[in-house]
Structure formats: structure tokens, C-alpha cells
Amino acid sequence: QQQQQKDQPNKVQPSEAAKKAKADADDAVRHRDYAKALKIMEDQLRIDSTTSYYADYIKRLKEVNGVQDSTKH
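Not measured: the values here are computed from a predicted model. (Residues numbered from 1 in each chain as written. Predicted model: local features only at pLDDT ≥ 70, side-chain atom pairs only at ≥ 80, totals over all residues. Heavy atoms only, no water.)

Draft legend 1. Fine view of the packing of aromatic side chains. If you walk through the whole model with that rule in mind, you get one aromatic pair. Taking NZ or CZ as reference, Lys-22 lies 4.3 Å from the ring centre of Tyr-57, over its face. (Phe/Tyr/Trp six-rings, centres within 6.5 Å; stacked < 30°, edge-to-face > 60°. Lys NZ or Arg CZ within 6 Å of the ring centre and 35° of its normal.)

Draft legend 2. Local environment of the nonpolar core. Judged by nonpolar contacts, Ala-18, Ala-21, Ala-25, Ala-28, Ala-37, Leu-38, Met-41, Tyr-53, Tyr-54, Tyr-57, Ile-58 and Leu-61 together constitute the single largest core of 12 residues. For this core, the secondary structure elements donating two or more residues are helix H2 (16-30), helix H3 (34-47) and helix H4 (55-72). When residues of this core are assigned to their parent elements, the largest contribution, four residues, is made by H2. Leaving out residues up to four positions away in the same chain, Tyr-57 has contacts with Lys-22, Ala-25, Asp-26, Val-29 and Met-41. (Core = buried A, V, L, I, M, F, W, Y, C linked by side-chain atoms within 4.5 Å. Buried < 20%, exposed > 50% of the residue type's maximum accessible area, 1.4 Å probe, protein only. Helix = DSSP H or I, 4+ residues; strand = E, 2+ residues; numbered from the N terminus. Contact = heavy atoms within 4.5 Å.)

Structure, rendered in C-alpha cells:
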């Protein structure tokens with residue numbers, strides 16, 4: 001995380017609520033519930049713009065969910 005902060009010094013830091021959402025999403029990922037993780041992050045992003053700090057994480061969740069969705073069809 002410190003390395004991320006060094007790489008992105010001008011990026012807005014996440015709020016405590018955004019950090020909690022990320023922790024909750026991480027927990028869902030540990031249980032391989034990627035759809036839930038993505039929903040947590042997207043819901044938080046709608047109400048808290050600082051959640052965009054985790055944009056790369058959200059993008060990866062979308063990619064994983066896209067792969068999962070395509071294998072269900």
C-alpha cells in the first residue's frame with residue numbers, strides 16, 4: 001500500500017468507508033464470491049467518490065466477473 005501511495009502521490013486517498021468496503025470485498029474474494037465483491041465496490045463508489053482510489057481493483061473484479069459470466073452460458 002505504501003508503494004501505491006508513492007506511485008500515485010496526487011491520487012485522492014480513500015475514505016474509511018472506502019477502506020472498509022475494500023476489506024469486505026477482499027473477504028468476498030477470499031470466498032471466491034467475485035460478484036459480491038464487485039457489488040460491494042460499485043455500491044460504495046456510487047456513494048463515495050474516494051472509492052475510485054481502488055479503480056484498478058474494481059476493473060479486475062469486472063474482468064473476473066466477465067469471465068465467470070461467459071462460462072455460465
